[in-house]
2 protein chains.
Amino acid sequence: MNIIVGQSGGPSVAINASLAGVIQAGLSNPKVDKIYGMLHGIDGVLNDNLVLLNDSADRLDELARTPAMALGSCRVKLPAVETDDAIYHQIRETLEKYDIGCFYYIGGNDSMDTVDKLSSYFAKHHVPIQVIGIPKTIDNDLCNTDHTPGYGSAAKYLNDTMEEIICDSCIYPVKNIVIVEIMGRDSGWLTLAAGMPHFRGKRMPQIIILPEHVFDEEAFITRCKELLEIDSTVIVACSEGIRDKNGEYAGQATKSGAVDTFGHAYLSGVGKYLEGLVSREIGCKVRSIELNIMQRCSSHLASTCDLKEAFEVGMEAVTRSISENLTSVMFGYERVSDQPYEMKVIYHAVSDCANYAKMVPQEWCDTDNKEVQKEILTYIEPLIAGDVPVLRKADGSPDYVVFYRN
Amino acid sequence: MNIIVGQSGGPSVAINASLAGVIQAGLSNPKVDKIYGMLHGIDGVLNDNLVLLNDSADRLDELARTPAMALGSCRVKLPAVETDDAIYHQIRETLEKYDIGCFYYIGGNDSMDTVDKLSSYFAKHHVPIQVIGIPKTIDNDLCNTDHTPGYGSAAKYLNDTMEEIICDSCIYPVKNIVIVEIMGRDSGWLTLAAGMPHFRGKRMPQIIILPEHVFDEEAFITRCKELLEIDSTVIVACSEGIRDKNGEYAGQATKSGAVDTFGHAYLSGVGKYLEGLVSREIGCKVRSIELNIMQRCSSHLASTCDLKEAFEVGMEAVTRSISENLTSVMFGYERVSDQPYEMKVIYHAVSDCANYAKMVPQEWCDTDNKEVQKEILTYIEPLIAGDVPVLRKADGSPDYVVFYRN
C-alpha cells in the first residue's frame, strides 16, 4: 500500500515535525511501500503534482526544524459533497492511480473541513481510501485536542519576545505606552501566552485584550491613564481580532476589508489603531509593534515539547490508522497529568472537529485573577519547555528542507 | 579610585556584555575600589541616581545575556561646552563627590558626543577625571572601528529571520511581494545583513534597498514586475531611511514628521509605503513586515562572537585606560585577519569618532555584483557566528539582570 501526505493552511514551526513523523512511521511500517507528498496541499492531487518522500529518511531532523510547509500549502475550500462531484472524482482518480491506501492531511480548522468532506465522499462512494487529519495551528483553536501542534512554539516566541520587549521599552524614564499586536482572529490563546510575564508576577504587560473580551475604547483609555500614574511604561498585549460590544472588530476603519477564500476578514492594524487612539486621547509617547509572521515562523525559538509532540502525533496517526483501520478522524492530544506533564495521542471523528473553533474559556478571560493566572501558567508552561538549537550549514545559515519549487 | 559607567542611546543585545566587561575589569583591577553605575545615562549623574555594581560579580553571565540597558538609558544632548557651564559643573561636582577617577560611557554616535564634550570640559578646567567611550550600536555606523558591538547580533537576527520569512512566504504558488522594513536611518549595514540569503545564492531577497541608494519608484515597480515574471514570491529588504533623488525620505507623506532630541527624523512606515505602492501599481498580493525593535532586543538570537567581543572591549577599555592613563578616546575593533577571523581592541581620539557616521562603502552598494556579495559575506559572517543559549529560570522565563527601577 502507498500513502500520501499534505500540508494546508497557514504556516507554523511544528508542521514539518508532524510531516517528519508521518514519513518516519511510513518508513518503519512493513505495510507501507511508497510515501507520496502532495505539493501545495490538495492542489498537488488535483494537479498530479506529487513528490516521493521515501528518500528523505536522512534529513528528517532538519525537516522537523524547518519552519512553514516543506511541501508547500494551499487555501482550497472544497465544495459541498452534494453540489460538485467532479472535483472529488478527480481527486479519487489521482489517488487510485498512485495506489493510495491512506491520505493524511496536516492542517487547521479549514484543512479538517477538507478531511471531513473527502472522507464523506469516499464513504458515500465506497472508496476504500482512509482519510486522516493531523492537527496544526498556532491559534490553538481546534476542538477535541488539549492543544494544537505549533501552539507551544508560537507561545514560546511570544513569551520570550514579550520579555525582551519589556527590557527594551523600560530603559527611558519617560511615560510611554507600547502596544503589541498578536495573531488571533477569534481566539486569544496566543495573547494569553504573551501575558505570561505578567502572570508570573512582572507588572508587564499590564493590559491584555483577547477577542473573547468586549473592547471598550473609553475603558481602555481610562485604564491606560490610571496605569501611567503608577508606571513609566505600560505594555498592552492585544489580539488582532478584538471586538466592541456590537461584535464589530475594533478599529474597523483602519482595516483593509478584504476577506480570504474562507470568508474570514483579513485583519491588520489593530496595533496602529490603538496607537492612534492613545496618541489622540492621551498624547504620551506610544509605539505599536506587530509581531506579524515572526510569531508563526521563528523556528529558532521552537519549543522542544512542541516539536516532539508534533512528531509523535504524525507517527501515531500513520501507525494507528493502519493498525486500527481508521478513517474520518482527527488525531490530537489528551493531557493525562499536569505535574509531571504527561500527554497521550488520541483521535476523534473529524466531523466533531472541523469548523468548530475553541475559544479561551470564559473564566480564563479574567486575566487579572490570580487563580486564573496560575491555571493559565499550568496549561502553557509545559508546552513551551525546552530550547531547540538551530541546525546550521558550514556558512552559518539554517539548514532547512523544502520539497516544493518556487 | 572609584570608577563609574553608564549606558546611553538606543538598545542592543550586546550593550550589557560591555557593561559586564567593565565590571569584571574593575573587580579585578587592584587600583579600582568602587564601581558605580549611573542610572539612565548622564541623567543618573545629574540626578545623583547611582547604583553600586561591585556585588553583581556572580550575575555577570546573566547580565551579559540581558537585552537593552540594565542601567537604563537616556537621550540627553549636552550643550556646547562654551555656552553652558552650569550642567558641566554639576556633573563634575557629583563625580568628585563619589571620588570618580574614570568615567565610562557605552553608546553610539550621540553618546560619543557626550564623551567628547565632557572630556573637553574636563581638559579645559584641569579636572583629572578620565572620560572613555565604549561603542555600541546595532547600526554599525561608528567610524574608527571595524564594526560595532551589537551589530553582529542584530545582523544574525536579520539573517535568520529573513531565512524564516522566505520559508513562510513561498508556501503558496501565488504571485506575491513581501516587503521587510529594517532599521537604518542613514546607513544600510543592517539591510546588508538581511541580504545574506541572497548573497549566499538563494534568490531571495531579490531586491535590497539601502539608504545609500537613490530610490526611484518607477524603477522599483518595473523591477518587481520583471521578477514576478520569474518568481512567485518577491522579497524586498528595505532600510527604513531610503531616499529619492532629491534626498527626501521616500514616502515622506506616510511618516509622522516628528524628530527626536538630536533632530533626527522619526521614521516609520517605509514598509507600509512600499506596500501601498505595490498594491496600487501592481495589484498583486502584498504584505509588509516591520521588524521593529525585535531586531535590536532579540537576545535569544545573540551571536557568540558579538557578546564575546562586546565583553572584551568593555574589559580592555577599563584595563588600558587605567594602565595607559587615557582620556578622551573611544575604544573599538581592528580586524587583523579575515581567515581565520581575528580582531584586536584599539582606540582613537573620540573627537575623530563622535558625530561622524560610517556609510556602507559606495562599491558595496552594488549588491547584485558577485564579487561585492563575497566581500560582504566575508565581512559579516564571522560577526554572526555562534548561538548563545538563553539562560532560564526554573519556570522557563529568561533570567535577566536589570539595575534600574521602572
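Residues numbered from 1 in each chain as written. Chains lettered and ligands numbered in written order. Predicted model: local features only at pLDDT ≥ 70, side-chain atom pairs only at ≥ 80, totals over all residues. Heavy atoms only, no water.

## A short note on the sheet that holds strand β6 (residues 176-182) of chain B
Residue and element names in this part refer to chain B. The strand order across the open sheet formed by four strands is β7-β8-β6-β9, and the pairing between neighbours is parallel. Unpaired on one side and paired on the other, β7 (207-209) and β9 (285-290) mark the two borders of the sheet. Taking each pair of neighbouring strands and ignoring which way they run, the sheet shows an average axis angle of 15 degrees. When β6 meets strand β8 (residues 233-239), the two strands line up parallel, connected through seven bridges. Residue Asn-176 lies in a different strand from β8, and its bridge partner there is Thr-233. Of the strands in this sheet, β6, β7, β8 and β9 touch helix α10 (residues 270-281), which is tilted by about 160 degrees from β6. (Pairing = 2+ DSSP bridges. Helix = DSSP H or I, 4+ residues; strand = E, 2+ residues; numbered from the N terminus. Axes fitted to C-alpha atoms, helices over the stretch in contact; angles between N-to-C directions. Contact = heavy atoms within 4.5 Å.)

## Observations regarding the relation of the copies chain A and chain B
Rotating chain A by 180 degrees about the axis while translating it 0.0 Å along that axis superimposes it on chain B, leaving an RMSD of 0.0 Å. With respect to symmetry, the two chain copies, as superposed, fit the operation of a two-fold axis. (Least-squares fit on C-alpha atoms with pLDDT ≥ 70 in both.)

## A few points about the pattern of salt bridges
For the structure on display, the rule yields 50 salt bridges over all chains. Among the ionic pairs, A:Asp399 bridges to A:Arg59, the shortest N-O distance being 3.2 Å. Of this pair, A:Asp399 sits in the segment after α13 (370-380) while A:Arg59 sits in the loop between β3 (50-52) and α3 (60-64), and the two are 340 residues apart along the sequence. Among the salt bridges present, the one from B:Glu371 reaches B:Lys374, with a minimum N-O distance of 3.5 Å. Highlighted residues: B:Glu371 and B:Lys374, both in helix α13 (residues 370-380), separated by three residues, approximately one helical turn. Residue B:Glu371 is classed as partly exposed on the basis of its relative accessible area of 47%. By relative accessible area, which is 51% here, B:Lys374 ends up exposed. Through salt bridges that share partners, A:Glu163, A:Arg200, A:Lys202, A:Glu381 and B:Asp395 make up one connected network. (Salt bridge = Lys/Arg side-chain N within 4 Å of Asp/Glu carboxyl O. Buried < 20%, exposed > 50% of the residue type's maximum accessible area, 1.4 Å probe, protein only.)

None of the figures reported here should be taken as evidence of function without further support.
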